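Geometric and topological summary
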Amino acid sequence: MKMNTPDYLIYIELAKLIYTKDICPSLAAMLLCVSLGASNHPLGIPVIVNKYLNTVESLEEKIQWVEYTRNAIMKSTAICGIARGINSHGALFNSLPKEYQDLLSKTPTLDKEVNEWIPRSLELLDTVYGDSLDRVLGNVKAIGSDLYFWAFFVYGNVFYNRSLTNLIETELVIIATLIQMDTLPQLHDHLDNARRVGATDVQVTATQLIGNSVKNAF
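Cut-offs and rules
- Residues numbered from 1 in each chain as written.
- Predicted model: local features only at pLDDT ≥ 70, side-chain atom pairs only at ≥ 80, totals over all residues.
- Heavy atoms only, no water.
- Helix = DSSP H or I, 4+ residues; strand = E, 2+ residues; numbered from the N terminus.
- Buried < 20%, exposed > 50% of the residue type's maximum accessible area, 1.4 Å probe, protein only.
- Contact = heavy atoms within 4.5 Å.
- Core = buried A, V, L, I, M, F, W, Y, C linked by side-chain atoms within 4.5 Å.
- Expected span 1.5 Å × (residues − 1).

Looking at an unreviewed UniProt entry, the chain carries the name Carboxymuconolactone decarboxylase-like domain-containing protein, with the source organism given as Thamnidium elegans.

Here it is as C-alpha cells:
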C-alpha cells in the first residue's frame, strides 16, 4: 500500500484514537486493531501497531501487547469469521520485526478437551447474560443444533480463556467487532453484558467511539 493512498491517510487519522479520553492507550490500540480487522481493513493494523509500539520502551512490554492484541483478534474472529481473522493476524504478524516475531508464543491458548467446554460455557454464559440466558440459548437452540454447539465452543473455550484478555476486555472486543458487523440485536445484548461483568460506562462509550469511528471511516 502506497503511503499517500486515501486509506493510509484514514488509518493515520484513526491512529489518533489510541489516545481516546478515559481509556488506556494499550486497550484503545488493541480495539482499533480488532475493529480494523473485523471491518475488513487489515492493512490499517500495521499503522496502529507501529504507532503504539513506538510509545512503549521495553521489549517485554511490546511483546506482551502484541500477544494481548493477537488474543483479542482471535476472540473477534469467532464473530467476524476466519477469513478476516487470518488476514488480521497476518497483518499484525508481518508488521513486526523478525526479532519480535521469534519471541511470540507458538503454544495455542485453546483447550482441546470438549468435555470442559460445556460447564465452562454455562458458567460464563450465566455470568454474561444473567436473566437473559434462557431466552438467548432458547433462540439459538431453536435455530439449529450445530449453531448451539458452536455457541458452547465459543463461550466455553474462546471467550472463557482469560490468560491474555480478561472478561471485561473480551466484552469490549465483542462490542467493537459487532459494530463492524452491523449486528444490532447482538450489539444491544453485549452493551448490557459488558456492564454486567464490570465494564464502566466510560469504557463502553470509549469502545463505541472507537468502533463507530472505524466503521464510519469507510
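Back to the write-up after that little detour.
Let's shift gears to the environment of L53. Looking at the secondary structure, you find L53 in helix 3 (residues 45-53). Judged by its relative accessible area of 7%, L53 falls in the buried class. In this structure L53 touches K62, W65, V66, L96 and Y100, once residues within four positions along its chain are discounted.

In terms of nonpolar packing, the biggest core is built from 66 residues, with M30, L31, L32, I48, V49, L53 and W65 touching the most fellow members. The biggest single contributor to this core is helix 2 (residues 25-38), with nine residues. Setting aside anything within four residues of it in sequence, one finds I48 in contact with Y11, L14, A15, I18, A29, L32, C33 and L36.

A few words now on helix 2. Taking 1.5 Å as the rise per residue, helix 2 with 14 residues should run 20 Å; its terminal C-alpha atoms sit 20 Å apart, in good agreement. The set of residues buried in helix 2 consists of L27, A28, A29, M30, L31, L32, C33, V34, S35, L36, G37 and A38. Just downstream of helix 2 lies N40, where phi reads positive at about 70°.

Let's shift gears to the environment of F152. By the element assignment, F152 lies in helix 9 (residues 145-158). With a relative accessible area of 6%, F152 lands in the buried category. Note: C-alpha distance between F152 and S121 (31 residues apart in sequence) is 5.5 Å. Among all residues touching F152, those that are not within four sequence positions of it are W117, I118, S121, L122, L125, L137 and N157.

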